[in-house]
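These are the residues of each chain, in order.
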Amino acid sequence: MEYKAIALDIDGTLLCKERKFVTIECKKAIENLQSKGILVIISTGRGRFAAESDILLGLKPDYFVCNNGACIFDKNENIIYEKRFEISHVEALTKICEDKKYQLCFTFEDAYYIYVQYEEFVETYKANAGKTYYLKDGTDKARHLQSMPYGAFLRLPIESRKIFPSLTNFDLKMMELSYSGAYDICLSSTDKSSAVDIILNNLGINWNETVAIGDNMNDIDIISKSGLGIAMGNAVDEVKKAASFVTTSAIEDGVLNAINRFLI
């Protein structure tokens, strides 16, 4: 099969907690795919500002799908699609988290603004992600009056997950992240696969001509739809079951190994 596009997750796929940068070898392999005319899509839950050039060693994908599909950037950094929260979503999440003292931030175009438990959020984020310069104090709860966020990020005790209120009535969904007690929250209609679908349709590429590599629940749809869906060795079990192949873990450069096996 001749593949025309590849969609790559960042956290737990290109990077991992032990290694905060893509490897030089993997970057070169991805650029080699681009030189052969294969479209490279970075598909991440991160905001665009957090999908930094340095963590990718200057790699320039053809498209960035950010915020779990709520926003798409082309290679010239133009926004070609976006879908934002409404004020009711911000108010509902803020009230829930204030009442329970859960850590909450919202993803805007420029930074993560922490609305609830600012100091606690910074400390836990630093322990897992390292960098904190794009974390802003939003405890005045005014940032969304400038523009609506693309999504939210929540931390709560593991034992509280079972009693956390259902968000379906607010047209929102929660997705557990790779480190315990952390969740992305996005619109029910927003996901990575829908955003990638927009890109593929615009370019006349079919899903069966696409490779997708990821590790977590927000990657399942892309992996399931692709002609070659690859799970990382460190992926959650549900992702592995949805994949047609399981590569090595992120720390073992599983993306590079998959490219060398199937695309070289």
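The structure contained in this document is the topic of the report that follows. (Residues numbered from 1 in each chain as written. Predicted model: local features only at pLDDT ≥ 70, side-chain atom pairs only at ≥ 80, totals over all residues. Heavy atoms only, no water.)

**With respect to unusual backbone geometry**
Phi at L57 takes a positive value of approximately 55°, unusual for a residue other than glycine. Counting through the fold element by element, L57 comes out in the loop between β2 (39-43) and β3 (63-66). With phi around 70°, E77 is a residue other than glycine that occupies positive phi space. By secondary structure assignment, the location of E77 is in the loop between β4 (71-74) and β5 (79-82). For E77, a relative accessible area of 40% translates into the label partly exposed. (Helix = DSSP H or I, 4+ residues; strand = E, 2+ residues; numbered from the N terminus. Buried < 20%, exposed > 50% of the residue type's maximum accessible area, 1.4 Å probe, protein only.)

**Regarding the sheet that holds strand β7 (residues 112-116)**
The strand order across the open sheet formed by 6 strands is β8-β7-β6-β9-β11-β10, and the pairing between neighbours is mixed. Two strands lie at the open edges of the sheet, namely β8 (135-137) and β10 (172-176), each paired on one side alone. Going across the sheet, the axis of each strand differs from the next one's by a mean of 30°, ignoring polarity. Looking at chain direction, strand β6 (residues 103-107) and β7 are connected through 4 bridges and run antiparallel. When the sheet's bridge partners are listed, T107 is paired in β7 with Y112. Strand contacts of helix α2 (residues 87-100): β6, β7, β9 (151-155), β10 and β11 (182-187), with the helix running at about 160° to β6, the strand carrying the most contacts. The strands touched by helix α3 (residues 118-129) are β6, β7, β8 and β9; relative to β8, the strand with the most contacts, the crossing angle is about 175°. (Pairing = 2+ DSSP bridges. Axes fitted to C-alpha atoms, helices over the stretch in contact; angles between N-to-C directions. Contact = heavy atoms within 4.5 Å.)

**Remarks on the environment of E238**
Tracing the sequence through the fold places E238 in helix α6 (residues 237-242). E238 sits in the partly exposed class, given a relative accessible area of 43%.

**Section: α3**
Given a rise of 1.5 Å per residue, 12 residues ought to cover 16 Å, and the 16 Å separating the end C-alpha atoms of α3 matches this to within 8%. Within α3, burial applies to F121, V122, Y125 and N128. Across the axial projection of α3, the buried residues extend over an arc of 140°, all falling on one side. Residues of α3 that are exposed and point more than 90 degrees away from the buried face comprise E119 and A127. At its buried positions, α3 is contacted by β6, β7, β8 and β9. (Expected span 1.5 Å × (residues − 1). Arc of directions from axis to C-beta.)

**Considerations on the side chain of S147**
For S147, the location among the structural elements is in the loop between β8 and β9. Engagement of the side chain of S147 in a polar contact is seen with the side chain of E109, the distance being 3.1 Å. In this structure the side chain of S147 is engaged in a polar contact, spanning 3.0 Å, whose partner is the side chain of R143. Look past the residues within four positions of S147 in its chain and what remains in contact with it is R84, F108 and E109. (Polar contact = N/O pair within 3.5 Å; in protein donor to acceptor, adjacent residues only side chain to side chain.)

**Describing a negative patch on the surface**
Where like charges cluster on the molecular surface, the negative patch consists of E119, E120, D137 and D140. Residue placement: E120 occurs in helix α3. (Patch = residues over 30% accessible without salt bridge, like charges linked within 9 Å, V, L, I, M, F, W, Y side chains within 5 Å. Areas by Shrake-Rupley, 256 points an atom, 1.4 Å probe, with all protein chains shown as cover. Salt bridge = Lys/Arg side-chain N within 4 Å of Asp/Glu carboxyl O. Lys, Arg positive; Asp, Glu negative; His and termini not counted. Charge placed at Lys NZ, Arg CZ, Asp CG, Glu CD.)

**A closer look at a nonpolar patch on the surface**
Among the surface-exposed residues, F21, I24 and L57 lie close enough to one another that they form a single nonpolar patch of about 250 Å² accessible area. Inspection of the secondary structure puts F21 in the loop between β1 (5-8) and α1 (24-35).

**Brief notes about the packing of aromatic side chains**
Throughout the structure, instances matching the rule amount to 14 aromatic pairs. Judged by centre distance (5.7 Å) and plane angle (75°), the ring pair of Y112 and Y134 falls under edge-to-face. Of this pair, Y112 sits in strand β7 while Y134 sits in the loop between α3 and β8, and the two are 22 residues apart along the sequence. By relative accessible area, which is 7% here, Y112 ends up buried. For Y134, a relative accessible area of 4% translates into the label buried. (Phe/Tyr/Trp six-rings, centres within 6.5 Å; stacked < 30°, edge-to-face > 60°.)

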